[in-house]
Amino acid sequence: QVQLVESGGGLVQAGGSLRLSCAASGRTFSSGVMGWFRQAPGKEREFVATISWSGGVAYYLDSVKGRFTISRDNAKNTVYLQMTSLKPEDTAVYYCAAGRRVGATMKLEEYDYWGQGTQVTVSS
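Residues numbered from 1 in each chain as written. Predicted model: local features only at pLDDT ≥ 70, side-chain atom pairs only at ≥ 80, totals over all residues. Heavy atoms only, no water.

Caption draft 1: Broad picture of the overall build of the protein chain. For the protein chain, the helix and strand inventory stands at 0 helices and 11 strands. Since a compact globule built from 124 residues should have a radius of gyration of about 14 Å, the 13 Å found for the protein chain is in line with a globular shape. C-alpha extents for the protein chain along the principal axes are approximately 40 × 25 × 25 Å. Expressed as a percentage of the 124 residues in the protein chain, the buried residues total 41%. If you take every contact in the protein chain between residues at least 6 apart in sequence, the share linking residues at least 24 apart comes to 59%. One finds the centroid of the 13 positive side-chain charges in the protein chain at a distance of 4 Å from the centroid of its 10 negative side-chain charges. (Helix = DSSP H or I, 4+ residues; strand = E, 2+ residues; numbered from the N terminus. Rg over C-alpha atoms; globule rule 2.2 N^0.38 Å. Buried < 20%, exposed > 50% of the residue type's maximum accessible area, 1.4 Å probe, protein only. Contact = heavy atoms within 4.5 Å. Lys, Arg positive; Asp, Glu negative; His and termini not counted. Charge placed at Lys NZ, Arg CZ, Asp CG, Glu CD.)

Purely geometric numbers; function is a separate question.
Have a look at this one:
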């Protein structure tokens, strides 16, 4: 019933920035946790960032701390991932995810809905 649509991916040089957006529809956006995951070819899907339904708590993958910021605007039913100081190892398909639980979580299995992904490619 819910749909998540990511946008904002693209090709950037190392050190550059991108802002990913995820628009949600079909349910009350403010009622659950949101997160971002990424997956490189041949690798498992990896947690990147999560934010509680209220926006008060957020957690990050260690390698992106200080570079990425997750935020949400419940009035617009949208979650964002601001990425700065991008590195080639950040190259992956980035997926937006939503869960019915309230608290922030890094666990993939705690998310109930997934977007189709947006490609981020960082060149050296």
